[in-house]
Amino acid sequence: MKKIALLAALICLVLLALPALAQETGEAPDLTAQCKITLSPGKYKTLDRICDRDWHTIYLSNKMKNPTVTVEGPKDTPMYGVYVCFGDKVTPWKVEAKHGGDWVTVYESEGLYAHEFAPLEGETAIRVMPNTTKQTTLCIGEIFIYGEGELPSTVQFWQPAPEKADLLVLSAHPDDEVLFFGGTIPYYAGEKGMDVVVAYATCNMMERRSELLNGLWECGVKTYPVIEDFWDKYTTKLDKGYEAWGKSATNKFVVGLLRQFKPEVVVTHDVNGEYGHGAHRVCADAMLNAVKTAANPEKYTDSVNAYGTWEVKKLYLHLYKENPIEMDWDQPLANLGGRTGFEVAQDAYAWHFSQHDQGQKNKETGKYEYFVVEPRESDYSCYRFGLAHTTVGLDVEKNDFFENIPVE
């Protein structure tokens, strides 16, 4: 018992010393553990749910007027920022600070991003709440309170998706974008700094929204992804996959992506669904249709009126057998700490905690295999693609998705 008490005392001393150590190094101290946090009544009201750094747990208030998370900062240590990671779809929200006896709005958000940092000016008490007078709920996965100084690199400052993309990556689920496409996003977004839009067809679990954002940030993506919410039903059949999403709705969505973001190049799934997943098959099939349809002004006129038509120059499908190309994701990327594209993809997948115990049965061995970023020698290698559509000719060098396309 004495050893346990001594260990607890030592941990407290370390926590108390962290702000001082951070100030000495210029880093913003994480004050969360020292703050007094009060939650409005809710279904999941346990305080540690928003401070446990477990992306599976959330705080969800009751539906009510002005549900709040109230934070009183530690004595003599003012708060200079609050980083909020919402657990559900975001709505407009705000931060109020207590000035004297009054609560004053010090930050307002349109609710465009599920992870957002709100700067503060040395506040001692704040509250985070929806910016509405109607009854609503407040759902938060994690909250971080920072003191003065340089913020850690994990704090995300998202920018809106570009009006004109260089590359569009269509992923059936959060994590597919690194499992099967490997260094695609790290190389083109993180290393080359190109305008890359990542679109997800499904995101049916609250924690997966945070997982995908953390993973994309790891890859060097700074523009917010497109997150659709088609029903994630497992099937091995293309027609059943379309049935779950609605074929017309799926094609309209994919054509709309091309017209809205006007990508030069598109990368998406294997026509056979990698290990046979019907949703992956749908992404490949719908994109093959969309690259033909997006240039036709008579199809899906709503997106024509909103964005005009568009002709994609190149479409690559994972594992496509025609016009094959094998990318080299093993070169160090200077802008991502010297890690290779494959290593960055592995680090990004590490953020997808909910999927680490998921996998599929190997058809040959009959053994259950956990999902991994597929290595070069794998049957589902994240290095191998094929050119399924081109308006600029076939690849010759076969080492760059943008071969034959001038890039500014």
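Up top you'll find the structure we're talking about.
It should be emphasised that the depicted structure is a prediction, and the values quoted were computed from it without experimental measurement.

(A) Structural context of the overall build of the protein chain. Across its full length, the protein chain carries 9 helices and 19 strands. Compactness check: the protein chain gives a C-alpha radius of gyration of 23 Å against a globular reference of 22 Å for 408 residues, within 12% of the reference. For the C-alpha atoms alone, the extent of the protein chain along its principal axes is close to 65 × 50 × 45 Å. In the protein chain, which comprises 408 residues, the share counted as buried stands at 50%. Intrachain contacts of the protein chain at a sequence separation of at least 6 include 75% that bridge at least 24 residues. Side chains of the protein chain carry 40 positive and 58 negative charges; the gap between the two charge centres is 7 Å.

(B) Expanded view of the environment of Phe-144. Structurally, the position occupied by Phe-144 is in strand S10 (residues 139-146). Taking the relative accessible area as the measure of exposure, Phe-144 reaches 11% and is therefore buried. With 60 residues separating them along the chain, Phe-144 and Val-84 place their C-alpha atoms 6.6 Å apart. Here Phe-144 is in contact with Asp-30, Thr-32, Arg-53, Trp-55, Gly-81, Val-82, Tyr-83 and Cys-85, once residues within four sequence places are set aside.

(C) Seen up close, empty space enclosed by the protein. Considering all chains together, one arrives at 1 cavity of 30 Å³ or more under this definition. Approximately 30 Å³ is the volume attributed to the largest cavity. Along the walls of the largest cavity sit Trp-55, Thr-57, Ile-58, Cys-85, Phe-86, Gly-87, Gly-141, Met-206, Glu-207 and Ser-210, which together make up its complete lining. Going through the elements one at a time, strand S5 (79-86) and helix H4 (206-218) are the ones with two or more residues in the lining of the largest cavity.

(D) Just the environment of Ile-140, in detail. Within the element layout of this structure, Ile-140 appears in strand S10. Overall, the relative accessible area of 0% leaves Ile-140 in the buried class. Distance from Ile-140 to Gly-73, taken between C-alpha atoms, is 19 Å for residues 67 residues apart in sequence. The residues contacting Ile-140, other than those within four sequence positions of it, are Ile-50, Ile-58, Tyr-59, Val-69, Val-84, Cys-85, Phe-86, Gly-87 and Val-128.

(E) Helix H5 (residues 238-245), seen in detail. Within the sequence span of H5, burial applies to Gly-241, Tyr-242 and Trp-245. The buried side chains of H5 occupy one side of the element, clustering within an arc of 95° when seen end-on. Pointing more than 90 degrees away from the buried face of H5 are the exposed residues Asp-239 and Glu-243. Packing partners of the buried residues in H5 comprise helix H6 (247-261) and helix H7 (278-293). Positioned one or two residues after H5, Gly-246 has a phi angle of 90°, which is positive.

(F) Geometry of H4. Across the 13 residues that make up H4, a large majority, 11, are buried. Of the residues making up H4, those classed as buried are Glu-207, Arg-208, Arg-209, Ser-210, Glu-211, Leu-212, Leu-213, Asn-214, Gly-215, Leu-216 and Trp-217. Gly-220 sits one or two residues past H4 and shows a positive phi near 95°.

(G) Seen up close, the pattern of salt bridges. Tallying each qualifying case throughout the model produces 15 salt bridges. The closest approach of N and O atoms between Glu-243 and Lys-240, which form a salt bridge, is 3.9 Å. You can see Glu-243 and its partner Lys-240 sitting in helix H5, 3 residues apart, about one turn around the helix. One salt bridge connects Asp-328 with Arg-376, and the closest N-O pair in it is separated by 3.4 Å. With a gap of 48 residues between them, Asp-328 in the loop between strand S16 (324-326) and helix H9 (341-349) and Arg-376 in the loop between strand S18 (368-370) and strand S19 (384-390) connect regions that are remote in the sequence. Judged by relative accessible area, which is 39%, Asp-328 ranks as partly exposed. Residue classification places Arg-376 among the partly exposed positions, given a relative accessible area of 30%. One network of salt bridges, with partners in common, ties together Glu-326, Asp-328, Asp-330 and Arg-376.

(H) Main features of the packing of aromatic side chains. Across all of its chains, the model carries 22 aromatic pairs by this definition. Ring geometry for Phe-180 and Tyr-275: centres 6.2 Å apart, planes at 40°, overall tilted. Highlighted residues: Phe-180 in the loop between helix H2 (176-179) and helix H3 (184-191) and Tyr-275 in the loop between strand S14 (265-268) and H7, separated in sequence by 95 residues. As far as the burial class goes, Phe-180 and Tyr-275 line up, both buried.

(I) Structural detail: the sheet that holds strand S6 (residues 93-99). A sheet is described by the order of its strands in space; here 5 strands give the open sequence S1-S4-S9-S6-S7, paired in antiparallel fashion. Strand pairing shows two members of the sheet lacking a second neighbour, strand S1 (36-39) and strand S7 (102-109), which therefore form its edges. Averaged over all pairs of adjacent strands, the angle between strand axes in this sheet comes to 20°, irrespective of strand direction. Bridge count between strand S4 (residues 69-72) and strand S9 (residues 125-130): 4 bridges; the pairing is antiparallel.

Calculation notes
- Residues numbered from 1 in each chain as written.
- Predicted model: local features only at pLDDT ≥ 70, side-chain atom pairs only at ≥ 80, totals over all residues.
- Heavy atoms only, no water.
- Helix = DSSP H or I, 4+ residues; strand = E, 2+ residues; numbered from the N terminus.
- Rg over C-alpha atoms; globule rule 2.2 N^0.38 Å.
- Buried < 20%, exposed > 50% of the residue type's maximum accessible area, 1.4 Å probe, protein only.
- Contact = heavy atoms within 4.5 Å.
- Lys, Arg positive; Asp, Glu negative; His and termini not counted.
- Charge placed at Lys NZ, Arg CZ, Asp CG, Glu CD.
- 1 Å grid on protein atoms, 1.4 Å probe; cavity = no way out; pocket = protein on both sides within 12 Å on 5 of 7 lines; lining within 4 Å.
- Points joined across faces, edges and corners; volume = space filled by probe spheres on them.
- Arc of directions from axis to C-beta.
- Salt bridge = Lys/Arg side-chain N within 4 Å of Asp/Glu carboxyl O.
- Phe/Tyr/Trp six-rings, centres within 6.5 Å; stacked < 30°, edge-to-face > 60°.
- Pairing = 2+ DSSP bridges.
- Axes fitted to C-alpha atoms, helices over the stretch in contact; angles between N-to-C directions.

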